[in-house]
Amino acid sequence: MEPMPKALKALNWITGALFVVALYLVLIFAPREAVMGDVQRVFYFHVAAGWVGALAFLVTAIAGGVYLARGERRWDLVAQASVEIGVVFTFANIVSGSVWARPIWNTWWTWDPRLVTATVMELVYIAYLMLRQGIEDPDRRARFGAVYGIVGFLSVPLTFLSIRIFRTIHPVVIGSGDPTAAGAFDMSPNMRVAFFFSLFTFTFVYATLLWHRLRLQRFSEKVEQMKMKILSV
Amino acid sequence: MPEAGSTRVVGDQPVVHRRTGGLGAYLRSIGAIIWKDLVAELRSRELLSAMLVFALLVVLIFNFALELDIRTRETVTSGVLWVTFAFAGTLGLNRSMAVEKDRGCLDGLLLVPVDRTAIYFGKVIGNLVFMLIVEAIVLPLYSVLYNINLFQPGLLAVILLGSIGYVAVGTLLSSMAVHARTRDVLLPILLFPVVLPVLVPAIKASNGFLQGFEMAEILPWLNLLIVYDVIFMAVAFMVFDYVVEE
Amino acid sequence: MIDVRGLVKTFGLKSVLRGLEFHVDRGEFVALVGPNGAGKTTFLRILASLARPSMGEVRVAGYRLPAQAAAVRVRLGVVSHQPLLYGDLTAEENLFFYSRMYGLTDLEHRVGAILEMVGLHARRRDLVRQYSRGMQQRLAIGRAILHDPDVLLFDEPHTGLDQEAAAMLDTLLQDVAARGRTVVMTSHNLDRAADLAERIDILSKGVIAASIKRDEIDPLDLPKLYRSVTHA
């Protein structure tokens with residue numbers, strides 16, 4: 001096995017350190033929100049997870065486009081690895097949102113545009129993974145993945161738009177679907193520090209995971225190649 | 001060589017090729033594909049009858065599930081109709097692509113020297129026609145069964161716009177799904193989350209027309225439908241090559 | 001007519017064709033034989049412009065693939081082990097459909113002549129679904145020569161045919177090939193290949209392992225040679 005590249009080792013340590021600092025900022029440094037209390041602290045990682053989800057799917061769409069244009073396999077590997085990470089973080093985003101909504105909105109779930117869009121987005125990329133799983137020819141799998149990654153990514157903003165117009169015409173009265181109404185707050189400067197630092201940290205987490213995932217993929221390919229060599233002898 | 005109007009001999013008969021390429025050839029091959037799909041379907045009626053029976057069953061089940069009495073009927077009709085069309089639509093899309101795949105006909109189409117997007121538009125229009133036929137039968141039936149007037153120009157326009165968007169994406173995705181091991185199961189899973197921005201405005205706009213809302217309230221939905229139709233038609237146009245070419 | 005240099009085709013990590021060299025002159029009839037999984041069908045699909053080469057140069061009728069695929073497709077007819085025909089259309093309608101796709105004129109006349117040639121004129125109004133396998137393959141040949149191509153590719157055309165139907169197909173294949181056309185046919189049946197083709201190329205492990213002219217070898221020696229090449 002090839003040793004871990006130095007840059008990746010460094011990235012591991014940096015990300016780990018950033019994460020510790022982020023935890024400190026979120027749990028201790030940021031002041032306790034006056035109305036919501038400690039539950040508000042979910043917000044920092046909640047938004048950061050959502051950001052990573054969206055970023056990951058954007059990367060998938062771009063990598064898919066590059067793959068279609070150039071036909072180089074590594075872009076397909078990036079696209080797939082990115083979807084896997086994005087699905088996990090979007091899931092974390094939805095669950096942490098629910099945890100926050102329970103005490104604040106007094107319900108686990110409302111049909112707010114953001115919630116619905118995040119869920120639909122998650123479903124699009126689960127479908128993406130299922131599509132890949134059903135296709136055996138690796139080139140075709142890569143092409144179809146790229147196409148669906150692009151189509152899916154374009155549909156997400158339209159979904160958000162359509163549900164938002166939906167809500168403006170028919171406002172939800174109970175529990176209020178709009179987070180600016182219930183559970184809104186102004187960030188103090190310290191909160192802002194914690195917030196942006198969380199975004200920054202999670203971006204690093206994403207990059208580190210992506211790198212590890214790609215390395216893992218390369219290893220599994222090597223194993224596959226060795227297997228074929230042994231079988232063909 | 002068979003360039004413009006050259007003559008050669010096959011089976012002792014002179015062979016004349018029309019000019020290859022150009023918009024005329026493009027439109028002619030789209031027309032040929034539509035003609036082929038319609039002739040085959042009018043003969044077997046497999047696809048249309050399956051879609052229709054299924055659509056009627058969905059309406060029937062909704063009748064019991066929602067207790068479509070007079071008061072609720074007005075508000076849920078557009079939802080019932082669109083769910084019906086969407087479900088019946090996946091049946092049609094699956095079948096129409098399976099026909100191309102099963103006897104290798106897709107290869108036959110790809111061997112023809114026309115732009116691949118002609119195949120896409122041919123299939124889109126064919127699928128659209130089937131969907132409109134089903135809708136043209138379901139709508140009057142629904143009108144009679146529930147005593148509600150569905151024949152309003154606005155509503156019909158929404159149904160047309162919605163069906164175009166649905167079929168534009170559906171045809172692209174079904175041409176991917178046919179290659180999967182799990183193809184019949186896969187299409188709705190691929191299609192529904194992506195086509196949601198068509199279904200939501202279509203349902204809301206239909207509802208707006210049925211309840212007699214003002215045009216200003218319906219207009220954003222119509223705009224959204226048109227935007228979706230244009231965007232996804234354009235995207236499918238750009239990527240269809242990559243879906244069919246190995 | 002066909003010129004292939006250093007052709008490589010990989011599926012993911014698996015390489016199917018590994019630097020294949022292949023050349024066919026105008027009017028030649030070449031049979032490609034080889035064990036299952038040797039890459040015959042993959043190779044033919046690349047020649048047919050249905051699959052892209054991963055590496056190497058492919059020229060058919062003087063045009064490069066995949067860059068000039070449209071020009072190649074005009075001059076190319078393909079018969080595959082699948083008929084490429086629509087079961088719910090009649091024989092005539094199938095040919096009409098493809099004629100329109102190819103942009104041919106004088107359809108009636110042309111389709112009639114082709115149906116006559118493949119011996120299906122009497123049953124032209126029957127659905128292809130009701131045809132026997134042999135009739136479907138004959139119609140598939142008719143479909144392939146509709147636009148009078150210079151190059152014909154046959155991919156295991158005898159698959160699923162009984163003796164009689166196969167013999168009938170052979171006659172038709174020879175008839176079609178005899179009009180100055182260049183033909184490449186894949187087959188897993190050595191005898192059939194030796195009967196039809198002027199040259200037999202053995203495809204093994206992703207390259208052409210041997211190329212034999214029919215009149216340079218005793219047909220009885222062929223199986224021995226085939227075994228020695230494919231098991232090497």
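Residues numbered from 1 in each chain as written. Chains lettered and ligands numbered in written order. Predicted model: local features only at pLDDT ≥ 70, side-chain atom pairs only at ≥ 80, totals over all residues.

### Details of the overall build of chain C
Thinking step 1. The number of helices and strands found in chain C is eight helices and ten strands.
Thinking step 2. Since a compact globule built from 232 residues should have a radius of gyration of about 17 Å, the 18 Å found for chain C is in line with a globular shape.
Thinking step 3. With respect to the three principal axes, the spread of C-alpha positions in chain C is 50 × 40 × 30 Å.
Thinking step 4. A sequence separation of at least 24 residues applies to 68% of the contacts in chain C between residues at least 6 apart. (Helix = DSSP H or I, 4+ residues; strand = E, 2+ residues; numbered from the N terminus. Rg over C-alpha atoms; globule rule 2.2 N^0.38 Å. Contact = placed C-beta atoms within 7 Å.)

### Some details on the overall build of chain B
Thinking step 1. Looking only at helices and strands, chain B features eight helices and two strands.
Thinking step 2. The helix and strand sequence of chain B, counted from the amino end, reads β-β-α-α-α-α-α-α-α-α.
Thinking step 3. C-alpha extents for chain B along the principal axes are approximately 70 × 35 × 30 Å.
Thinking step 4. When each of the 246 residues of chain B is scored for burial, the buried share is 50%.
Thinking step 5. Across chain B, every contact between residues at least 6 apart in sequence was considered, and the portion connecting residues at least 24 apart equals 78%. (Buried ≥ 20, exposed ≤ 12 C-beta atoms within 10 Å, placed from the backbone.)

### Points about the domain arrangement of chain C
Residue and element names in this part refer to chain C.
Thinking step 1. Along its sequence, chain C is carved into domain 1 (1-75 + 151-170 + 182-232) and domain 2 (81-148).
Thinking step 2. Computed over C-alpha atoms only, the centres of domain 1 and domain 2 are separated by 25 Å.
Thinking step 3. Tallying the contact residues gives ten residues for domain 1 and six residues for domain 2.
Thinking step 4. Those elements that provide at least two residues to the side of domain 1 that touches domain 2 are β7 (151-155) and α6 (163-177).
Thinking step 5. Considering every element that reaches the side of domain 1 that touches domain 2, the biggest residue donor is α6, with three residues.
Thinking step 6. Among the residues making up the side of domain 1 that touches domain 2, the classes are represented as six nonpolar, two polar and two charged. (Domains from an automatic or database assignment. Nonpolar A, V, L, I, M, F, W, Y, C, P; charged D, E, K, R; others polar.)

### Examining helix α5 (residues 116-146) of chain B
Thinking step 1. For α5(B), with 31 residues, the first-to-last C-alpha span of 44 Å sits near the 45 Å given by 1.5 Å per residue.
Thinking step 2. Downstream of α5(B) by one or two residues, N147(B) has phi in the positive range, about 50 degrees. (Expected span 1.5 Å × (residues − 1).)

### Quick word on the sheet that holds β7(C)
All names here are of chain C.
Thinking step 1. Across the sheet, six strands lie side by side as β6-β7-β8-β3-β9-β10; this open sheet has mixed pairing. Two strands bound the open sheet, and with one partner strand each, they are β6 (76-79) and β10 (207-213). With strand direction ignored, the average angle separating the axes of adjacent strands in the sheet is 20 degrees.
Thinking step 2. Relative to β10, strand β9 (residues 199-204) runs antiparallel, the two sharing six bridges. (Pairing = 2+ DSSP bridges. Axes fitted to C-alpha atoms, helices over the stretch in contact; angles between N-to-C directions.)

### Side note on the interface of chain C and chain B
Thinking step 1. Facing the 35 residues of chain C at the interface are 30 residues of chain B.
Thinking step 2. For the side of chain C that touches chain B, the secondary structure elements donating two or more residues are α2 (69-74), β6, α3 (91-102) and α4 (107-117) of chain C.
Thinking step 3. Here the side of chain C that touches chain B is composed, by residue class, of 20 nonpolar, seven polar and eight charged.

### Focus on helix α6 (residues 153-177) of chain B
Thinking step 1. For α6(B), with 25 residues, the first-to-last C-alpha span of 35 Å sits near the 36 Å given by 1.5 Å per residue.
Thinking step 2. In terms of residue burial, α6(B) counts as a mostly covered element, since 20 of its 25 residues are buried.

### Comments concerning the pairing of β9(C)
All names here are of chain C.
Thinking step 1. Pairing geometry for strand β3 (residues 29-33) and β9, over four bridges, is parallel. Looking at the pairing, V33 lines up with I202 of β9.
Thinking step 2. Linking two consecutive strands that pair antiparallel, namely β9 and β10, is a turn of two residues; a positive phi of about 55 degrees is found at K205 within it.

### Looking at the pairing of β6(C)
Residue and element names in this part refer to chain C.
Thinking step 1. Neither face of β6 is left uncovered, since the one carrying L76 and V78 and the one carrying G77 and V79 both have all their residues buried.
Thinking step 2. Two strands pair when backbone bridges link them, and β6 and β7 are joined in this way by four bridges, in the parallel orientation. Among the inter-strand pairings, G77 is bridged to a residue of β7, identified as L152.

### Some remarks on the sheet that holds strand β5 (residues 63-65) of chain C
Residues and elements named next belong to chain C.
Thinking step 1. Read from one edge to the other, the open sheet built from four strands follows the order β2-β1-β4-β5, with strand pairing classed as antiparallel. Strands with a single pairing partner mark the edges of an open sheet, and in this sheet they are β2 (14-24) and β5. Neighbouring strand axes in the sheet, compared pairwise and without regard to direction, differ in orientation by 30 degrees on average.
Thinking step 2. Strand direction decides the pairing type here: strand β1 (residues 2-11) and strand β4 (residues 55-60), joined by five bridges, are antiparallel. From the neighbouring strand, V4 faces β4, where its bridge partner is V58.

### Quick look at unusual backbone geometry
Thinking step 1. For the bond running from L65(C) to P66(C), omega is 0 degrees, close enough to zero to count as cis.
Thinking step 2. In this fold, P66(C) is placed in the loop between β5 and α2.
Thinking step 3. A positive phi angle, close to 50 degrees, is found at N147(B), a residue other than glycine.
Thinking step 4. Mapped onto the secondary structure, N147(B) falls in the loop between α5 and α6.

### Observations concerning the confidence of the model for chain B
All names here are of chain B.
Thinking step 1. Across chain B, the average pLDDT comes to 87, with 91% of residues at 70 or higher.
Thinking step 2. Taken element by element, chain B is modelled with least confidence in strand β1 (residues 7-10), mean pLDDT 45, and with most confidence in α6, mean pLDDT 95.
Thinking step 3. Segment residues 1-14 is flagged for pLDDT under 50; beyond a separation of four residues in sequence, or across chains, it makes 25 contacts in the model. (pLDDT = per-residue confidence, 0-100.)

### A short note on the nonpolar core
Thinking step 1. Residues L131(A), V147(A), V169(B), L190(B), L47(C), L153(C) and V184(C) are the most contacted members of the largest nonpolar core, which totals 210 residues.
Thinking step 2. Looking at this core, you find at least three residues from each of domain 1 (1-75 + 151-170 + 182-232) and domain 2 (81-148) of chain C.
Thinking step 3. The contact partners of L153(C), leaving out residues within four places of it in the chain, are L44(C), L47(C), A48(C), L76(C), V78(C) and V184(C). (Core = buried A, V, L, I, M, F, W, Y, C linked by C-beta atoms within 7 Å.)

### What about the interface of chain B and chain A?
Thinking step 1. At the interface, 26 residues of chain B touch 27 residues of chain A.
Thinking step 2. When contributions to the side of chain B that touches chain A are tallied by element, the ones reaching two or more residues are α6, α7 (183-210) and α8 (215-244) of chain B.
Thinking step 3. Of all the elements, α7(B) adds the most residues to the side of chain B that touches chain A, at ten residues.
Thinking step 4. Grouping the constituent residues of the side of chain B that touches chain A by class yields 20 nonpolar, two polar and four charged.

### Some points on the packing of helix α3 (residues 70-102) of chain B against α6(B)
Residues and elements named next belong to chain B.
Thinking step 1. Running from N to C, α3 and α6 point in directions that differ by 45 degrees, and their axes come no closer than 9 Å. One element, α3, and the other, α6, form an angle in the oblique class. Here α3 runs over α6; the crossing is right-handed. Side by side, α3 and α6 meet where A86, G89, L93, N94 and M97 of the first sit next to Y166, G170, T171, S174 and S175 of the second.
Thinking step 2. Here the residues of the contact of α3 with α6 sort into four nonpolar, six polar and no charged. (Parallel < 35°, antiparallel > 145°, perpendicular 65-115°, else oblique. Left-handed = near helix turned anticlockwise from the far one by under 90°.)

### Some words on the packing of helix α2 (residues 42-70) of chain A against helix α6 (residues 189-232) of chain A
A pair of packed helices is captured by two measures, namely the crossing angle of their axes and the spacing between those axes.
All names here are of chain A.
Thinking step 1. Where α2 contacts α6, the two axes come as close as 9 Å, and the packing angle between them is 40 degrees. Classified by the angle between their axes, α2 and α6 sit oblique to one another. Viewed along their axes, α2 and α6 form a crossing whose handedness is right-handed. Between α2, through Y44, F45, A48, A49, W51, V52, L55 and A56, and α6, the contact on the second element is made entirely by A194, F195, S198, L199, F202, T203 and Y206.
Thinking step 2. Residues belonging to the contact of α2 with α6 are distributed by class as follows: 13 nonpolar, two polar and no charged.

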